[in-house]
Amino acid sequence: MSRKIAIQGELGSYSHEACRIARPGMEVLPCRTFEEILEAVRSGEAEQAMLPVENSTYGRVADSHRLLPHSGLHIIDEAFVRVHINLLAVPGAKLEDIREAHSHLVLLPQCGTFLREHGIRGRVSPDNARAARDVAEAGDIHSAALASELAGEIYGLNVLARHIEDNGDNTTRFLIMAKDIDYTRRGAHNMITSFVFQVRNIPAALYKAMGGFATNGINMTKLESYMVDGSFTATQFYADIEGHPEDANVQLAMDELSYFTTNVEILGVYPADNGRF
């Protein structure tokens, strides 16, 4: 029985491309929503989930990020994947034939310069791989998709223009989720520890909670806030730090953190991907 990894979107999506890079030996299980990919792991239908959490151009992927604290899963790895956007069309179509380009709402503005220069109108699709599939099925030489080269391979489309994104460093960070946490030290780079915490309702609680990381020389690479139960006065935070929970300086910082918080939960301990450096 093959091992499965769940993704949001269809085959040929950038999440599928991330699986090819970070989990090449696993079978990809497409799901409609982020909630479904997490449930696939919880139910045992899939062993792991590939979850996009932020993009260097677009920013935080809010729909997936909000699920992290309460997913019931743990982060076991990360992957930074370059997002190359390509103009894909049916065989026989030429660049000058294209009048419309279909893709996800997030991808369209990332190719704004190219589309304007060639007089191509953007059309919103629910998913970039879905756009490629629809263009292939329609067979219209005047329609194209903005998607990965992998999507072109899967749906039989030709690449009319490669790497047309405005930002040449366009990168998405993915987190790989599983049921069980893995504390083993692994990988060629630093270990990353991800955790969530809720500060006590006292003056300067967040400032004091963060002080232990500074005084113990720990690099915090991410700090995000969440509302708790829709309240403006209760806030939960998500953080990434460089280090392992068993490191002496991390233990000291986490001990200090506990004085100013009501809850701390480690979401994952995993090796930093080399795309981070």
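Everything quoted here is computed from the prediction, not taken from an experiment.

Criteria and thresholds
- Residues numbered from 1 in each chain as written.
- Predicted model: local features only at pLDDT ≥ 70, side-chain atom pairs only at ≥ 80, totals over all residues.
- Heavy atoms only, no water.
- Helix = DSSP H or I, 4+ residues; strand = E, 2+ residues; numbered from the N terminus.
- Buried < 20%, exposed > 50% of the residue type's maximum accessible area, 1.4 Å probe, protein only.
- Polar contact = N/O pair within 3.5 Å; in protein donor to acceptor, adjacent residues only side chain to side chain.
- Contact = heavy atoms within 4.5 Å.
- Phe/Tyr/Trp six-rings, centres within 6.5 Å; stacked < 30°, edge-to-face > 60°.
- Lys NZ or Arg CZ within 6 Å of the ring centre and 35° of its normal.
- Pairing = 2+ DSSP bridges.
- Right-handed = clockwise from strand over helix to strand, strands pointing away.
- 1 Å grid on protein atoms, 1.4 Å probe; cavity = no way out; pocket = protein on both sides within 12 Å on 5 of 7 lines; lining within 4 Å.
- Points joined across faces, edges and corners; volume = space filled by probe spheres on them.
- Nonpolar A, V, L, I, M, F, W, Y, C, P; charged D, E, K, R; others polar.
- Salt bridge = Lys/Arg side-chain N within 4 Å of Asp/Glu carboxyl O.
- Axes fitted to C-alpha atoms, helices over the stretch in contact; angles between N-to-C directions.
- Arc of directions from axis to C-beta.

A. Summary view of the side chain of asparagine 86. By the element assignment, asparagine 86 lies in strand β6 (residues 86-89). Look at asparagine 86 and you get buried, because its relative accessible area is 1%. Separated by 3.3 Å, the side chain of asparagine 86 and the backbone oxygen of histidine 84 make a polar contact. Leave out the neighbours within four places in its chain, and asparagine 86 touches Ala145, Leu146, Ala147, Ser148, Glu149, Val159, Ala161, Arg162, His163 and Ile164.

B. Structural detail: the packing of aromatic side chains. On inspection of all chains with the given rule, the structure shows 3 aromatic pairs. Centre to centre, the rings of phenylalanine 195 and phenylalanine 197 are 5.9 Å apart; their planes meet at 35 degrees, and the pair counts as tilted. Note on accessibility: phenylalanine 195 and phenylalanine 197 belong to one class, buried. Summarising the aromatic geometry, the rings of phenylalanine 197 and phenylalanine 237 are spaced 5.4 Å apart at their centres and angled 20 degrees between planes, so their arrangement reads as stacked. Pair noted here: phenylalanine 197 is in strand β12 (residues 191-199) and phenylalanine 237 is in strand β14 (residues 231-242), with a separation of 40 residues, a long-range link. Exposure class is identical for phenylalanine 197 and phenylalanine 237. Each is buried. Directly above the aromatic system of tyrosine 226 lies the positively charged group of arginine 60, at a separation of 5.8 Å from the ring centroid.

C. Representation of the pairing of strand β8 (residues 121-124) in the model. When strand β7 (residues 100-103) meets β8, the two strands line up parallel, connected through 4 bridges. Residue pairing in the sheet places histidine 102 in a bridge with arginine 123 of β8. You can see the chain leave β7, run along helix α4 (residues 112-117) and come back into β8, and the turn it takes is right-handed.

D. Structural detail: the layout of surface pockets. Taken as a whole, the largest pocket encloses approximately 550 Å³ of empty space. Breaking the lining of the largest pocket down by element, the ones donating at least two residues are α1 (14-22), β3 (48-55), α3 (62-65) and β11 (171-178). For the lining of the largest pocket, the residue count by class is 12 nonpolar, 9 polar and 2 charged. Volume-wise, the second largest pocket comes out at about 210 Å³. Lining the second largest pocket are 15 residues, with Arg23, Ile76, Asp77, Glu78 and Pro271 sitting closest to its centre. Elements with a minimum of two residues in the lining of the second largest pocket: α1 and β5 (74-82). A per-element tally of the lining of the second largest pocket places β5 first, with 5 residues. The residue makeup of the lining of the second largest pocket, split by class, is 8 nonpolar, no polar and 7 charged.

E. View of the pattern of salt bridges. Tallied over the full model, the rule gives 22 salt bridges. Between glutamate 47 and arginine 3 there is a salt bridge, and its shortest N-O distance comes to 3.0 Å. Of the two residues, glutamate 47 sits in the loop between α2 (34-43) and β3 while arginine 3 sits in the segment before β1 (4-8), which places them 44 residues apart along the sequence. Take arginine 3: its relative accessible area is 43%, and that puts it in the partly exposed class. Between glutamate 35 and arginine 66 there is a salt bridge, and its shortest N-O distance comes to 2.8 Å. Of this pair, glutamate 35 sits in helix α2 while arginine 66 sits in the loop between α3 and β5, and the two are 31 residues apart along the sequence. Residue classification places glutamate 35 among the partly exposed residues on the basis of a relative accessible area of 36%.

F. Spatial organisation of the sheet that holds β7. The 5 strands lie next to each other as β8-β7-β9-β6-β10, forming an open sheet whose pairing is mixed. For this open sheet the edge positions go to β8 and β10 (158-161), each flanked by a neighbour on one side alone. Averaged over all pairs of adjacent strands, the angle between their axes in this sheet comes to 40 degrees, without regard to strand direction. Judged from the 3 bridges that link them, β6 and strand β9 (residues 143-147) form a sheet pairing that is antiparallel. Pairing of leucine 87 across the sheet is with leucine 146, part of β9. Across the sheet, helix α5 (residues 128-138) is in contact with β6, β7 and β9; its angle to β9 comes to roughly 155 degrees.

G. Looking closely at α2. For α2, every residue scored as buried is listed here: Phe34, Ile37, Leu38, Ala40 and Val41. Angular distribution of buried residues about the axis of α2 spans 150 degrees; they occupy a single face of the element. Among the structural elements, β1, β2 (27-31), β3, α3 and β11 are those in contact with the buried residues of α2. Backbone geometry just after α2 places glycine 44 at a positive phi near 90 degrees.

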